[in-house]
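Coordinate analysis (summary)
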Amino acid sequence: MTKWIRFEQGGKTGFGTLEGDSIAVHTGDMFAGAKPTGETHKLSDVQVRTPCDPQKMICLWNNFHQLAAKNDFKEPKEPLWFLKAPNSYWPANRPIQRPATYAGKIIYEGELGVVIGKKCFNISEAEAGDYIFGYTCVNDVTAVDLLRKDKSFEQWARSKSFDTFGVFGPVIATGLDPMKLSVKTILNGKERQNYPVADMFFPPHKLVAAISKDVTLMPGDIIACGTSLGAGTMGEAHNVVDIVIDGVGSLGNVFDQVLPSPYLLGAPPKQKKICVVGAGAIGGLLAAKFALAGEDVTVIDQGAHLAAIQKNGLKLEWHDGKVFNAKMKAVNKATEAGKQDIVVLAVKAHFLDQVVRDIDSLLGPDTIVLTVQNGLPWWYFQKLGGQYDNQRLQSLDPSGVLTKHIDPNRIIGCVVYPAAAAIAPGVIHHVEGDRFPIGELDGKETARVKELHDVFVKAGLRSMVLPDIRSEIWLKAWGNLSFNPISALTHATLVDICQFAETRELAAAMMKEAQDIAQKLGVTFRVSIEKRIAGAEAVGAHKTSMLQDVEAGRSLETEALIGSILEMAKLTNTPAPAISSVYALVKLLNKVMLLEGGGVKVSKAA
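These lines cover the structure that appears in this document, whether it is placed above or below.

What counts, and at which threshold
- Residues numbered from 1 in each chain as written.
- Predicted model: local features only at pLDDT ≥ 70, side-chain atom pairs only at ≥ 80, totals over all residues.
- Heavy atoms only, no water.
- Salt bridge = Lys/Arg side-chain N within 4 Å of Asp/Glu carboxyl O.
- Helix = DSSP H or I, 4+ residues; strand = E, 2+ residues; numbered from the N terminus.
- Buried < 20%, exposed > 50% of the residue type's maximum accessible area, 1.4 Å probe, protein only.
- Pairing = 2+ DSSP bridges.
- Axes fitted to C-alpha atoms, helices over the stretch in contact; angles between N-to-C directions.
- Contact = heavy atoms within 4.5 Å.

Observations regarding the pattern of salt bridges
Summed over all chains, the structure comprises 24 salt bridges. Across the salt bridge formed by Lys 272 and Glu 451, the nearest N and O atoms sit 2.9 Å from each other. Residue Lys 272 is located in the loop between β19 (249–256) and β20 (273–277), and its partner Glu 451 is located in helix α10 (residues 447–458); the two are separated by 179 residues in the primary sequence. On the accessibility criterion, Lys 272 (14% relative accessible area) is buried. Lys 383 is the salt-bridge partner of Asp 442, the closest N and O atoms lying 3.9 Å from each other. Of this pair, Asp 442 sits in the loop between β30 (438–440) and α10 while Lys 383 sits in the loop between β26 (363–371) and α9 (401–405), and the two are 59 residues apart along the sequence. Residue class for Asp 442 comes out partly exposed when judged on its relative accessible area of 34%.

In structure tokens:
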């Protein structure tokens with residue numbers, strides 16, 4: 001095995017073979033008849049350059065079985081490739097740079113690079129070995145937020161071709177069997193990737209043969225074989241990333257970034273008066289986080305929960321074991337709260353008609369109303385446009401009181417991804433997640449929605465402003481529609497539902513029916529049904545909010561989670577037999593619980 005390296009010393013470029021920390025200098029052409037000069041240099045005395053100057057770098061997408069299986073990608077019938085521009089080529093030990101025009105995430109992708117040694121076109125897989133000079137380490141750096149920024153055109157070349165984004169080297173190793181190699185990526189001392197080359201759909205010899213049928217490959221050209229599980233963000237202010245392939249070498253670079261401001265408006269927002277109506281699981285989580293961030297928070301609640309908050313504040317147990325105590329004003333009437341900048345409606349959807357009757361006492365000229373209910377919102381068709389514009393959802397607003405009391409121009413939609421539970425009066429336990437996407441009903445990116453985003457960020461929560469909040473609401477409702485009622489009926493957790501074949505199949509059937517309904521309303525889902533189910537399964541042994549309500553004897557969100565979707569099924573003439581059957585069962589369960597005045601909880605027999 002030989003390791004070839006290029007270097008610069010005293011303004012002159014040279015190449016040779018690396019043995020330990022010494023370079024045996026060669027002359028001629030690295031790929032054809034290179035000869036040793038007898039001169040040597042210490043590696044520490046030279047500046048390492050890229051080991052070759054490719055005319056092109058061809059990079060693969062979706063070339064690993066494990067990654068495809070995780071992301072529900074189909075096996076490609078032929079290599080799927082793109083090009084990195086030559087300006088991006090960058091050597092080991094030189095800092096990767098953040099583009100001045102880009103403030104998003106920058107990710108690493110550790111890959112094996114195949115280096116071509118002889119000009120070839122239309123060769124066979126059996127011939128490919130004769131045209132491969134050797135192998136190198138590649139870091140396919142990517143400005144990932146650009147990739148699908150424009151829905152009409154995926155920007156592969158742009159997102160991957162900024163200066164310094166095509167990192168490879170420091171050597172080309174020859175005489176290796178690539179199928180015995182593994183690629184590792186170490187970020188800030190922690191292993192992030194470790195995968196075998198043998199897991200490729202198209203291993204190196206097959207790749208070279210296939211690509212040579214499309215383009216002429218020249219000496220020095222590199223084929224980056226694609227990456228597998230573990231590619232991720234270089235998110236710290238200082239990042240050290242090493243791509244390690246035993247037998248080939250270690251490609252190390254730093255990425256020091258001036259972290260972009262997390263605030264869309266450039267600075268933390270001024271203190272806001274925020275009223276959270278309903279300090280249960282999610283409302284309590286938000287109230288606590290906002291208060292801890294310095295906002296002037298008032299909660300509206302009742303009973304023992306209200307008394308506990310008034311006496312001791314709101315206790316928030318985070319999933320990592322940290323415990324916080326947030327002080328805030330707590331009242332049982334809207335008239336006692338005063339005018340607010342932001343009103344968060346966090347009660348269950350079927351209680352909204354009760355709380356909005358007094359909402360005027362909270363509303364100033366510019367007050368925002370943020371809705372965080374599960375399921376579809378009553379305002380779904382307001383400011384939508386098209387044939388259903390301003391249609392009232394009878395299942396969610398049967399009396400019209402919500403439409404009457406809340407001007408849609410005040411509303412900002414929100415999707416709640418965290419899981420939490422109110423485990424005792426005045427105590428909220430966070431299970432997982434911190435993401436709250438938001439959006440204007442008409443999709444505009446206004447100053448107020450940006451400021452609301454910044455309020456979430458200031459509180460230590462993740463948010464993003466979406467141009468189509470309804471599609472995101474559907475994505476969340478897609479799971480709630482199935483997992484919540486199945487959980488309520490079976491007393492099973494998310495992971496139990498997903499791992500029991502019959503309930504997994506039922507959930508998938510309900511989701512397929514909902515998908516058909518949504519598509520008739522112009523909604524597209526960015527993940528598959530199986531991936532959505534896998535996401536729920538990954539949450540683990542979490543009790544859904546509807547199961548928590550069943551156990552506590554509280555009325556269920558039947559209409560918000562299921563009835564509203566059935567109403568849309570009728571509106572769009574879409575069959576939904578599975579949803580209808582589950583809806584009937586849950587509706588009867590709710591009736592029985594209300595008549596009996598109690599809930600249902602499974603416990604071990606004495």
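Observations regarding the sheet that holds strand β17 (residues 232–233)
Neighbouring strands of a sheet are bound in pairs by backbone hydrogen bonds; such pairs are parallel or else antiparallel. Strands sit in the order β12-β9-β17 across an open sheet of three strands; the sheet is antiparallel. Edge positions in the sheet fall to β12 (142–143) and β17, since each has one partner strand and no second.

Digging into the sheet that holds β26
Taken together, the seven strands give an open sheet; going across it, the order is β24-β21-β20-β25-β26-β27-β30, and neighbouring strands pair in mixed fashion. Sheet topology places β24 (329–331) and β30 at the edges, where each strand pairs with a single neighbour. The mean angle between the axes of side-by-side strands here comes to 25°, regardless of whether they run parallel or antiparallel. Alignment of strand β27 (residues 411–414) against β30, held across three bridges, turns out to be antiparallel. By the bridge assignment, Gly 413 is partnered in β30 with Gly 439. Relative to the sheet, helix α6 (residues 281–292) contacts β20, β21 (296–300) and β25 (340–345), its axis offset from that of β21 by approximately 160°. Sheet strands touched by helix α7 (residues 303–312): β21 and β24. Its angle to β24, the strand with the most contacts, is close to 150°.

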